[in-house]
Each structure stands twice: as structure tokens, then as C-alpha cells.
Amino acid sequence: MAETNGEPTEAAGGRRIAVLGEMLELGDEAVEAHREIGRFAAEAGVDLVLAVGGDLAKQLALAAGAAGVPEVGIVRDNKTAAAYLESILRPDDVVLVKASRGGQLWQIAQALTGQPVTGL
């Protein structure tokens, strides 16, 4: 999702899709921080949140759905996320991929853009 002056831009006829992984360095604040990101996705007008990971990703997804994101999904790993996205993406969709480095979500972006998928 592109930004102009701190405001998200509109997807040109497509959906706004946020692929969000776990933030692994948050300690005691982790659960609430993931919920906050889910709520923020709704406020930002995201059409689909795909959470990637375990329990923290589940908290993010639940909060996103409760806050009004129309479509929410959760998957355990990057390979499943990439396969799911490849099956549902439309030409004008805008996809944001974000997580801690440890989540290696760049692998999803690489898969979607036809690049070789790399690890650490």
C-alpha cells in the first residue's frame, strides 16, 4: 500500500491486501500490539488481512475481523500464504507484506513476483 503524506492511497480499482506476520521482539506487549495492528488495518480500509504465523498472528486476525476488515485469513507459513494469494489475487490488487525479519515474509513477495525464494 503506497502512502502520500502519511495517508494510504486508494487501490486503483483493486483490493487493499495486508499480509502481516508476527512481530517477534515485543515481549509482554506482544498480544496487545498484534491486536492493535489488526484494528489499524480496519481503520486504514484494508479489504483483506492475511495473518501469517501462530498465536500472535491469530490475535491480529481476530482483532482485524472484529474491527471490520471484510475478509480475514490466517495461515501458519509463508509457502501456504503465497499459494493462497496466488489463487485469489486480481490484477489491480495492492499487497503490503510486513512482519519481523524473523518471519521471512519477503519469501511471499518473492514468490508472488516470480523471484527465487531465499532464506536467511
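Residues numbered from 1 in each chain as written. Predicted model: local features only at pLDDT ≥ 70, side-chain atom pairs only at ≥ 80, totals over all residues. Heavy atoms only, no water.

So, about the packing of helix 1 (residues 30-43) against helix 2 (residues 55-67). Here helix 1 crosses helix 2 at 35 degrees, and the two axes come no closer than 7 Å. Here helix 1 and helix 2 pass one another in a crossing that is right-handed. Across from Ala30, Val31, His34, Arg35, Ile37, Gly38, Arg39 and Ala42 in helix 1, the residues of helix 2 making contact are Leu56, Gln59, Leu60, Ala63, Ala64 and Ala67. Looking at side-chain class alone, the contact of helix 1 with helix 2 contains 9 nonpolar, 3 polar and 2 charged residues. (Axes fitted to C-alpha atoms, helices over the stretch in contact; angles between N-to-C directions. Helix = DSSP H or I, 4+ residues; strand = E, 2+ residues; numbered from the N terminus. Left-handed = near helix turned anticlockwise from the far one by under 90°. Contact = heavy atoms within 4.5 Å. Nonpolar A, V, L, I, M, F, W, Y, C, P; charged D, E, K, R; others polar.)

This part covers unusual backbone geometry. For Gln104, which is not glycine, the phi torsion reads 55 degrees and is therefore positive. Note on placement: Gln104 falls in the loop between strand 6 (94-98) and helix 4 (106-112). In this structure Gln104 comes out as buried when scored by relative accessible area, which is 18%. (Buried < 20%, exposed > 50% of the residue type's maximum accessible area, 1.4 Å probe, protein only.)

On to the sheet that holds strand 6. In space, the 4 strands of this open sheet follow the order 5-4-3-6, with parallel pairing throughout. Looking at the sheet topology across the chains shown, the edges are occupied by strand 5 (71-75) and strand 6. The mean inter-strand angle of the sheet, taken between neighbouring strand axes irrespective of direction, is 15 degrees. The pairing of strand 3 (residues 16-21) with strand 4 (residues 48-52) spans 5 bridges and is parallel. Bridge pairing in strand 4 places Val19 opposite Leu50. (Pairing = 2+ DSSP bridges.)

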